[in-house]
Amino acid sequence: MNRDPKLSKFLAAISPTGKSPEEAAAQSICSFCGKKADAFKNEISREEYGISGFCQECQDETFGEDEW
């Protein structure tokens, strides 16, 4: 994702791990909890990881579990 560098810096500043979604993805970790982020329920969850940097567990806690 091509995100404005200022937005990436802001997201890193408010993240509990101090990492932007891009930094987290480069390390295959969650930008919120810092755990390994390599298993996702479906393609939509994998795409969300590219946006928010949240692992599946954090996605489920934040957005609710899929009803698919």
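Keep in mind that this is a model prediction, so the values were computed, not measured.

What counts and how
- Residues numbered from 1 in each chain as written.
- Predicted model: local features only at pLDDT ≥ 70, side-chain atom pairs only at ≥ 80, totals over all residues.
- Heavy atoms only, no water.
- Buried < 20%, exposed > 50% of the residue type's maximum accessible area, 1.4 Å probe, protein only.
- Axes fitted to C-alpha atoms, helices over the stretch in contact; angles between N-to-C directions.
- Helix = DSSP H or I, 4+ residues; strand = E, 2+ residues; numbered from the N terminus.
- Parallel < 35°, antiparallel > 145°, perpendicular 65-115°, else oblique.
- Contact = heavy atoms within 4.5 Å.
- Nonpolar A, V, L, I, M, F, W, Y, C, P; charged D, E, K, R; others polar.
- Core = buried A, V, L, I, M, F, W, Y, C linked by side-chain atoms within 4.5 Å.
- Polar contact = N/O pair within 3.5 Å; in protein donor to acceptor, adjacent residues only side chain to side chain.
- Salt bridge = Lys/Arg side-chain N within 4 Å of Asp/Glu carboxyl O.
- Phe/Tyr/Trp six-rings, centres within 6.5 Å; stacked < 30°, edge-to-face > 60°.

Details of unusual backbone geometry
Non-glycine residue Ser-28 carries a positive phi angle of around 55°. Owing to a relative accessible area of 27%, Ser-28 belongs among the partly exposed residues under this scheme.

A word on the packing of helix H3 (residues 43-52) against helix H4 (residues 56-63)
One can describe the packing of H3 onto H4 by two numbers: an axis separation of 10 Å at closest approach and a directional angle of 90°. Comparing the axis directions of H3 and H4 gives the class roughly perpendicular. Contacts between H3 and H4 involve Ser-45, Glu-48 and Tyr-49 from the first element and Gln-56, Gln-59 and Phe-63 from the second. Among the residues making up the contact of H3 with H4, the classes are represented as two nonpolar, three polar and one charged.

Considering the nonpolar core
The nonpolar side chains of a soluble globular protein tend to be buried with one another. Counting seven residues, the largest nonpolar core consists of Cys-30, Ala-37, Phe-40, Tyr-49, Phe-54, Cys-55 and Cys-58. With residues up to four places along the chain from it excluded, the contact list for Ala-37 reads Ser-28, Ile-29, Cys-30, Tyr-49 and Cys-55.

A few points about the side chain of Gln-59
Within the fold, Gln-59 resides in helix H4. Within polar-contact distance, the side chain of Gln-59 engages the backbone oxygen of Phe-54 at 2.9 Å.

Here's the deal with the pattern of salt bridges
Summed over all chains, the structure comprises four salt bridges. Glu-57 serves as the salt-bridge partner of Lys-35, at 3.7 Å between the closest nitrogen and oxygen. Of the two residues, Lys-35 sits in the loop between helix H2 (21-27) and H3 while Glu-57 sits in helix H4, which places them 22 residues apart along the sequence. Judged by relative accessible area, Glu-57 falls into the partly exposed class, the value being 42%.

With respect to the packing of aromatic side chains
Under the defined criterion, the tally for this structure stands at three aromatic pairs. When the centroid spacing of 5.2 Å and the interplanar angle of 40° are considered together, the rings of Phe-40 and Tyr-49 count as tilted. Among the residues examined, Phe-40 registers a relative accessible area of 15% and is labelled buried. Relative accessible area serves as the criterion here: at 9%, Tyr-49 is assigned to the buried category. Aromatic side chains Phe-54 and Phe-63 sit 6.4 Å apart centroid to centroid with 25° between the ring planes, which places their arrangement in the stacked category. The class for Phe-63 is exposed, based on a relative accessible area of 53%. Feature note: the residues Phe-32, Phe-54 and Phe-63 constitute an aromatic cluster, connected by ring pairs.

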